[in-house]
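Structure assessment
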Amino acid sequence: MQYLKVRKELAEQAKRKLVRESLLDKHAAIEHSDSYVLFPMQDISRATIKKLFGRGADVIERAGKETSKKNPNYRESLRDILTNGEYEEMVKGYDLLGNIAIIDVPESLMKKEKRIARVIMQIHSHVKTVVAKEGAVSGKFRTRKFRIVAGEKNYIAMYKENGCTFRFDVRKTFFSNRLGHERMRIVNLSKKKEDVAVLFGGIGPFTIEIAKANPKASVVNVELNPYAHKLALENIKLNKVKNATAVKKDVKAFAKGKHKNFDRIIVPMPTTSLEYLDSIRSIAKKRALVHLYVFAHLDEGLNLIKKRLSDHAKDSGYKIKIVNTRIARPYSAKGAEFVVDYELRR
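None of these values were measured; they are calculated from a predicted model. (Residues numbered from 1 in each chain as written. Predicted model: local features only at pLDDT ≥ 70, side-chain atom pairs only at ≥ 80, totals over all residues. Heavy atoms only, no water.)

We now examine the nonpolar core. In globular proteins that are soluble, nonpolar side chains generally tend to be buried together. Among the nonpolar cores identified, the biggest contains 39 residues, and L97, F168, V170 and I266 are the most heavily contacted of them. Those elements that provide at least two residues to this core are strand 6 (100-103), strand 9 (156-161), strand 10 (164-169), helix 6 (180-189), strand 11 (195-199), helix 7 (205-213), helix 8 (226-238) and strand 13 (244-248). Ranked by the residues each element gives to this core, the list is headed by helix 8, at five residues. The contact partners of V170, leaving out residues within four places of it in the chain, are L97, I100, R144, F146, Y155 and A157. Formed by 36 residues, the second largest nonpolar core is a distinct cluster that contains L78, I81, L82 and A101. (Core = buried A, V, L, I, M, F, W, Y, C linked by side-chain atoms within 4.5 Å. Buried < 20%, exposed > 50% of the residue type's maximum accessible area, 1.4 Å probe, protein only. Helix = DSSP H or I, 4+ residues; strand = E, 2+ residues; numbered from the N terminus. Contact = heavy atoms within 4.5 Å.)

Okay, here's the thing in structure tokens:
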């Protein structure tokens, strides 16, 4: 049997991702050791595992232990309610945000969306509401419309990730649970006494997780969306972190204002992050680490990002050293959200 092997501190997020992608084999038992957790999986290629989990996980083969409880499987349950053609058309994954599940249903299957929603609620007893996407992420604050398909009439998610809790309205701010593994990666890279800026920080997931893991660090969340800023303040209090602050400001205005400079700068705005290289440079200490998130084509996208960074550094009189590049999450058949970690020296 095939198992996903992950370190214990990454197990919660890995399990969530396996469930969301319908890859967890619920007919076999999850196994534990002192340092690792082994999740039984449906058969899957190592290339797909690398794309989903990066370097933080490994695939091993071993004899599995049957579990006595036969939980329903999402894919198998869909087979019971959809024809073969409908099954191929339906987006198989869904997003779990604590008490809320998000589905993406083709127009041709809207008559069956309530039944699809009930399948999810049967599998996940903690899900009280299922909502469906209506249109793409759009606008200045990258929000999306949703409609309630089943369950309670509620859009407020209570979502737990990496030991932190986040409360937010899914309609009023952008939030991706698919970056949970990436947020933990940055937490693990962060140092005890760093000054950290999270630009376009939203409701505060990067900010709060870093601050909670490093109580002697100082972390600031910069966000212009008034609702997201308000929720960042509330989530800072909810998680009882004393070393995080939230600033309601445009990133370029923040960069021009009076502030300390930063050891680490995180820019989770993949649509426009490359437009803020001047701002990043101006708030960096003489030596700083930057984590830049960018949407790009899978083939040549990464090379174009590197060239853009190199050209900007040369034109602006500073030096960069690229430390790491990886896919933070697949975005489409031909594109992905890349993250480039680079050291900036002024």
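This next bit is on the environment of M121. Following the sequence through the fold, M121 ends up in helix 5 (residues 113-123). What makes M121 partly exposed here is its relative accessible area of 24%. Residues M121 and E76, spaced 45 residues apart in sequence, show a C-alpha to C-alpha distance of 15 Å. When near neighbours in sequence (up to four residues on either side) are disregarded, M121 contacts V127, K128, T129, V130, A150 and G151.

This part takes up the environment of R167. With respect to the helices and strands, R167 occurs in strand 10. Classification of R167 as partly exposed rests on a relative accessible area of 35%. Each C-alpha atom, one on R167 and one on A157, is 5.6 Å from the other, the two residues being ten residues apart in sequence.

Inspection of the entire model under this criterion finds 19 salt bridges. The shortest N-O distance in the salt bridge between E113 and R147 comes to 2.5 Å. You can see E113 sitting in helix 5 and its partner R147 sitting in strand 8 (residues 143-151), a full 34 residues away along the chain. The same class applies to E113 and to R147, which are both buried. Between R167 and E234 there is a salt bridge, with the nearest N and O atoms lying 3.7 Å from each other. Placement of R167 in strand 10 and of E234 in helix 8 is noted, with a sequence separation of 67 residues between them. On the basis of relative accessible area, E234 is assigned to the partly exposed category, the value being 30%. The structure contains a network of salt bridges with shared partners spanning E182, R185, R326 and D341. (Salt bridge = Lys/Arg side-chain N within 4 Å of Asp/Glu carboxyl O.)

Further remarks concern the sheet that holds strand 13. Hydrogen bonds along the backbone pair up the strands of a sheet, which may run parallel or antiparallel. Strand order in the open sheet made by the seven strands is 13-12-11-14-15-17-16, with mixed pairing throughout. For this open sheet the edge positions go to strand 13 and strand 16 (319-330), each flanked by a neighbour on one side alone. On average, adjacent strands in this sheet sit at an angle of 20° to one another, irrespective of strand direction. Inspection of the sheet shows strand 12 (residues 218-223) paired to strand 13 by five bridges, in the parallel sense. Each residue of the ladder has a partner; that of E223, found in strand 13, is K248. This element, helix 8, spans strand 12 and strand 13 of the sheet and lies at about 165° to strand 13. (Pairing = 2+ DSSP bridges. Axes fitted to C-alpha atoms, helices over the stretch in contact; angles between N-to-C directions.)

A pair of packed helices can be characterised by two numbers: the angle between their axes and the separation between those axes. Two numbers describe how helix 3 (residues 74-81) lies on helix 5: the axes approach to 10 Å, and their chain directions differ by 145°. As helix 3 packs across helix 5, the resulting crossing turns out to be right-handed. Together, Y74, S77, L78 and I81 of helix 3 and R115, I116, V119, I120 and I123 of helix 5 make up the contact between the two elements. For the contact of helix 3 with helix 5, a count of residues per class yields seven nonpolar, one polar and one charged. (Left-handed = near helix turned anticlockwise from the far one by under 90°. Nonpolar A, V, L, I, M, F, W, Y, C, P; charged D, E, K, R; others polar.)

Turning to its location among the elements, N154 is positioned in the loop between strand 8 and strand 9. Of the polar contacts made by the side chain of N154, one reaches the backbone oxygen of I156; its length is 3.0 Å. (Polar contact = N/O pair within 3.5 Å; in protein donor to acceptor, adjacent residues only side chain to side chain.)

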